[in-house]
Amino acid sequence: MFKALRVFILLLVLAVVASAAWRARTQSVEWKYTLPVNIYLINGDGSPVAEEYLRGLTTEDFKPIATFMRDEAERYDRSANASIEIRLGGTIAAPPPAPPRNGSALEVIVWSLKMRWWAYRNTDTAGPGPQVKMFLLYFDPALSNKLAHSTGLQQGLIGRVNIFASRDMARQNNVVITHEFPHTLGATDKYDPATNQPLFPDGYANPELDPLLPQQFAEIMAGRTPLSKHKAETPPGLDDAVIGSRTAQEINWLQDDI
Ligand SMILES: [Zn+2]
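Residues numbered from 1 in each chain as written. Predicted model: local features only at pLDDT ≥ 70, side-chain atom pairs only at ≥ 80, totals over all residues. Heavy atoms only, no water.

### Overview of the packing of aromatic side chains
The test is simple: Pairing of aromatic rings covers Phe, Tyr and Trp, the last counted by its six-membered ring, and requires centre-to-centre distances within 6.5 Å; plane angles under 30 degrees mean stacked, over 60 mean edge-to-face, and any other angle means tilted. Counting from the N terminus, the helices are DSSP H or I runs at least four residues long and the strands are E runs at least two residues long. Throughout, exposure labels follow a simple rule: accessible area from a 1.4 Å probe, protein chains only, divided by the maximum for the residue type, with under 20% read as buried, over 50% as exposed, and the rest as partly exposed.
Under the counting rule described, the total for this entry stands at seven aromatic pairs. Between Trp 31 and Trp 253, the ring centres sit 5.9 Å apart and the planes meet at 50°, which makes this aromatic pair tilted. Placement of the pair is Trp 31 in the loop between helix 1 (2–28) and strand 1 (35–43) and Trp 253 in the segment after helix 6 (245–250), with a sequence separation of 222 residues. A relative accessible area of 2% places Trp 31 in the buried class. Within the aromatic cluster, the residues linked to one another by ring pairs are Trp 31, Tyr 76 and Trp 253.

Here it is, written out as structure tokens:
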């Protein structure tokens, strides 16, 4: 009897969590109101360089992300509502749970639940409606020359982004953050994970360009500008990136049949 009751309560909790997540996900791409995007800063490697760098960051540093989203929304005639507001949520001392490396589907689910729980425990967002939470982990470039993959979770509207604590990298950091942000709204990757090459046509900023290569801009969910069949480069800044039509569909800026 008790066991049946426990199972029933557990199912009830899961149903509530699932329906709250579903509501937040749906509302986040309704674009009826400005979507708040809360940014939290984390010292990724515990280094003094990252510590110092975090202290110097302000909302201004992330403004290009909101500008990019606004400009791109305008291209899709969604200027009135499809905007985001960047809010700096402060620094968090404890690092979020690390995603599993080549983990099984189950490990990824467990990590995603841990990540959502951690985000719930460590943040306090004011105001109604869905809000995106982006956790930015900063690393001293002198200590790590390559960073682990960043992740954006649609479940829970959470992003976990690894970036370099360096002014020289600030513009490119915004490209990385802006790539993860639409993941939280349901946008998918548009590059080949084996080669990092953008996929044609959805990963191309201008799939109708003739000649096709080199492209001038990067599609944000491809993350790189294709220069030749086997070469692609991360754009220097958001001025060199666009949101392609497939991504626009995925975040509800375009109807599916267009
Ligand atoms: Zn991605």
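### Describing the pattern of salt bridges
Pairing between side chains of opposite charge can happen when their charged atoms approach one another. This is how the line gets drawn: Note on definitions: salt bridges are taken to be side-chain nitrogens of Lys or Arg within 4 Å of carboxyl oxygens of Asp or Glu.
Under the counting rule described, the total for this entry stands at ten salt bridges. Lys 190 is paired through a salt bridge with Glu 250; the nearest N and O atoms lie 2.7 Å apart. Placement of Lys 190 in the loop between helix 5 (170–184) and strand 6 (218–219) and of Glu 250 in helix 6 is noted, with a sequence separation of 60 residues between them. Accessibility expressed as a relative area gives 3% for Lys 190, which makes it buried. Take Glu 250: its relative accessible area is 23%, and that puts it in the partly exposed class. One salt bridge connects Asp 202 with Arg 246, and the closest N-O pair in it is separated by 3.2 Å. A residue pair is termed long-range when its members are at least 10 positions apart, and Asp 202 in the loop between helix 5 and strand 6 and Arg 246 in helix 6 qualify at 44 residues. Since its relative accessible area comes to 30%, Asp 202 is described here as partly exposed.

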